[in-house]
Amino acid sequence: MNKQWWMDEIVYQIYPKSFHDSNHDGIGDIPGIIEKLDYLKDLGVTMLWICPVYNSPMDDNGYDISDYEDIYPAFGTMDDMNKLFEKAQEKGIKIIMDLVINHTSDEHPWFQEALANPDSPYRQYYIFKEGKNGNPPTNWRSVFGGSVWQKVPNEDNMYYFHAFSKKQPDLNWENPQMRHDIYEMINRWFDKGISGFRVDAINFIKKDQRFEDGIPDGADGLVSCFDYCRNIQGIDKFYDELKKETFAKHDCMTVSEAVGVGYDRIDECIGDKGCFTMMFDFNYTNIDVINEDYFRPTNWTIKEYRDAIYLSQEEIQKIGWSAPFLENHDQPRSINKLIKDPQYYQLGAKTLATMFLMLRGTPFIYQGQELGMLNFHRQSVEEFDDLNAHSQYHRAIEEGFDEKQALAFLNQRSRDNARTPMPWNKEQYGGFSTHQPWIEMTDGYETFNAQDQITDPDSILEYYKRLINIRKNQYHDILTYGEFISLPLNDHIVSYIRAYENKKIAILCNLSSSNQTYELDNIDHVICNNIHDYTPGLLKPYQALILYLKK
Ligand code: NOJ
């Protein structure tokens, strides 16, 4: 692949509601991000992905947009946003926004008009259908539980489609006028000087136009909508037009959220023909659950995880560029997910960081990950904010689990785990705010916060800085442009090589809590080690090494 500027970026994802609250109302905001730009610069990141800040009723924390060109008041104003662009640019930090164009909020004026007037052209901006024999048009289950169809008030037998919550009606991508309006909105954001977009749920924009029932797969009598509205054949036509009308007109970076895309179809997303410059691959991210249901945990092994990473890297490398990540706002904390032995959580955070930050692709770090933040432990379902947590709890009970088990699934897997406020210091509410935050803090910020880690050379934060420096500066070409080569040494070690010109670096990460041996006879020197011991051929529990190899 030709070198591109976006291969060099180290991205940091900000969930604005929980990052930093500058006006002390308990909700993070844009001026709060501006106040923390020096922290981000010091960490070494070069780009921010800002989760949705657009105006929204916040049913799904901003992924339900009621105005694409205004800012949610609790986050600030468009002037604040412009100031953020300016201040970030002064520090050499680029910004990408979240682009949510599979659906809008039901409070978006287009949808309000579509509801108010069945003859309005906006009716065709969404998917309305008549029910069948007193039932909704199909038996598909929405991502957040319940039918994908919501009855239209005051109309007989009429429904609208929503793949996510009922407050997130899907846009009708079959309608060229709707697509045109969306493209214009996207281009106006580019005119403001942003560097690109993270593109939300984009592989949902094409629906199976047959709208036929499927075979029920759950106790609710419904069938997952994934096979009917995700990665549907023919979606590439929409991708091609979206690219031509928007992204191709700008020198931008775009990353698609493309859950469930098979490797045989990633050329629709990335590479010369694809719509985006890079993609998030969830095939190994969701290794711990089946079909994204929290109540269907798997017994994954380190070998399976390693092989899934190998496959992802190798397949994406054939076509284009990836965007490796360990965490995001839809995932639990990676330490709880991937480190099987709690006594190694602290060290394991460094192991995971080493494993993921050296992969081929533009790395994305999620806020708090650089501190080694952990999941919380809630006592009851009422303490959860996320609508998906409530739906998963309800479905777990429906599937036969008891309340205690259902709660345990949420504590392990809920998206709220990653959405608690950043612990900046040991003060009340972790210095996030002086006001009770919108969501309860994760316990332990008194001893576990950014301020303490900045002054501790052995901290997870300082280790992240070291890794970023290795990737971005010290061994930039090998770790950025280098080929990915899998190196299966031992089933408990995730190990691989990055090779560029005739230089090679090996990355070895022991993901187990026992000593592991390996054979590698061409080691030149150690670039990085997450503990203080080094014995060639041996990895202590959760030890991670970056090794420069002889030619
Ligand atoms: C994916 C986003 O990351 C998630 O937070 C959201 O709930 C859905 N898409 C719907 O927009």
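What you see is a predicted model, and the numbers here were worked out from it, not measured in a lab.

1. Describing the pattern of salt bridges
Piece 1. Applying the stated criterion across every chain yields a total of 39 salt bridges.
Piece 2. Here Asp293 ties to Arg296 by a salt bridge, and the two come within 3.0 Å at their closest N and O atoms.
Piece 3. For Arg296, a relative accessible area of 26% corresponds to the partly exposed category.
Piece 4. Between Arg306 and Asp307 there is a salt bridge whose closest N-O contact spans 3.1 Å.
Piece 5. Residue classification places Arg306 among the buried positions, given a relative accessible area of 4%.
Piece 6. Each of Asp60, Asp330, Asp386, Arg415 and Arg419 takes part in salt bridges that share partners, so that together they form one network.

2. With respect to the site of the ligand
Piece 1. The full set of residues close to the ligand is Asp60, Tyr63, His103, Phe144, Phe164, Arg198, Asp200, Glu257, His329, Asp330, Arg415 and Arg419.
Piece 2. At 3.0 Å from an oxygen atom of the ligand is found a side-chain nitrogen or oxygen belonging to His103.
Piece 3. Here an oxygen atom of the ligand sits 2.8 Å away from a polar atom, N or O, in the side chain of Asp200.
Piece 4. A total of 290 Å² of accessible area belongs to the ligand in isolation, and the protein chains cover 97% of it.
Piece 5. Each residue belonging to the shell around the ligand can be placed in one class, and the counts come to three nonpolar, two polar and seven charged.

3. Re the sheet that holds strand E9 (residues 158-161)
Piece 1. Pairing is antiparallel in the open sheet, where three strands are placed in the order E6-E9-E8. Strands at the two margins of the open sheet, each flanked by one partner only, are strand E6 (128-130) and strand E8 (149-151). Within this sheet the neighbouring strands show an average axis-to-axis angle of 40°, counted without direction.
Piece 2. As judged from the three bridges shared by E8 and E9, these two strands associate in the antiparallel manner. Bridging across to E9, Lys151 finds its partner in Tyr159.

4. Concerning the packing of helix H10 (residues 345-357) against helix H14 (residues 460-474)
Relative orientation and spacing of two packed helices are given, respectively, by the angle between their axes and the distance between those axes.
Piece 1. Orientation of H10 relative to H14, taken along the N-to-C sense of each, is 15°, at an axis distance of 10 Å. Judged by the angle between their axes, H10 and H14 are roughly parallel. Regarding H10 and H14, the two cross each other, and that crossing is right-handed. Side by side, H10 and H14 meet where Gln346, Ala349, Lys350, Ala353, Thr354, Phe356 and Leu357 of the first sit next to Ile460, Tyr463, Tyr464, Leu467, Ile468 and Arg471 of the second.
Piece 2. For the contact of H10 with H14, the class distribution of residues is nine nonpolar, two polar and two charged.

5. Focus on the pairing of strand E1 (residues 11-14)
Piece 1. Side chains Val11 and Gln13 project from E1 onto one buried face, and the interleaved Tyr12 and Ile14 project onto a second face that is buried too.
Piece 2. Sheet topology places E1 next to strand E16 (residues 364-366); three bridges connect them, and they run parallel. Counterpart to Tyr12 in the pairing with E16 is Ile365.
Piece 3. Pairing geometry for E1 and strand E2 (residues 47-50), over four bridges, is parallel. Paired with Val11 across the strands is Met47, a residue of E2.

6. Structural notes on helix H4 (residues 109-116)
Piece 1. Listed in full, the buried residues belonging to H4 are Trp110, Phe111 and Ala114. Burial along H4 is one-sided: seen end-on, the buried residues are contained in an arc of 95°. Opposite the buried face of H4, at more than 90 degrees from it, the exposed residues are Pro109 and Ala116.
Piece 2. Elements in contact with the buried residues of H4: E6, E9 and helix H5 (176-191).

7. So, the domain arrangement of the chain
Piece 1. Assigned domains of the chain: these are domain 1 (5-101 + 176-212 + 225-378 + 417-466), domain 2 (109-161) and domain 3 (483-549).
Piece 2. Centre-to-centre separation of domain 1 and domain 2, based on C-alpha positions: 30 Å.
Piece 3. Taken residue by residue, the interface counts 15 residues in domain 1 and 15 residues in domain 2.
Piece 4. When domain 1 packs against domain 2, the two sides together hide about 1,200 Å² of surface, and 76% of this comes from carbon and sulfur.
Piece 5. Counting the surface domain 1 buries against domain 2, the share from its top three residues, Met178, Phe211 and Cys225, is 44%.

About the criteria used
- Residues numbered from 1 in each chain as written.
- Predicted model: local features only at pLDDT ≥ 70, side-chain atom pairs only at ≥ 80, totals over all residues.
- Heavy atoms only, no water.
- Salt bridge = Lys/Arg side-chain N within 4 Å of Asp/Glu carboxyl O.
- Buried < 20%, exposed > 50% of the residue type's maximum accessible area, 1.4 Å probe, protein only.
- Near = heavy atom within 4 Å.
- Polar contact = N/O pair within 3.5 Å; in protein donor to acceptor, adjacent residues only side chain to side chain.
- Areas by Shrake-Rupley, 256 points an atom, 1.4 Å probe, with all protein chains shown as cover.
- Nonpolar A, V, L, I, M, F, W, Y, C, P; charged D, E, K, R; others polar.
- Pairing = 2+ DSSP bridges.
- Helix = DSSP H or I, 4+ residues; strand = E, 2+ residues; numbered from the N terminus.
- Axes fitted to C-alpha atoms, helices over the stretch in contact; angles between N-to-C directions.
- Parallel < 35°, antiparallel > 145°, perpendicular 65-115°, else oblique.
- Left-handed = near helix turned anticlockwise from the far one by under 90°.
- Contact = heavy atoms within 4.5 Å.
- Arc of directions from axis to C-beta.
- Domains from an automatic or database assignment.
- Buried area = accessible area lost by both parts, 1.4 Å probe.

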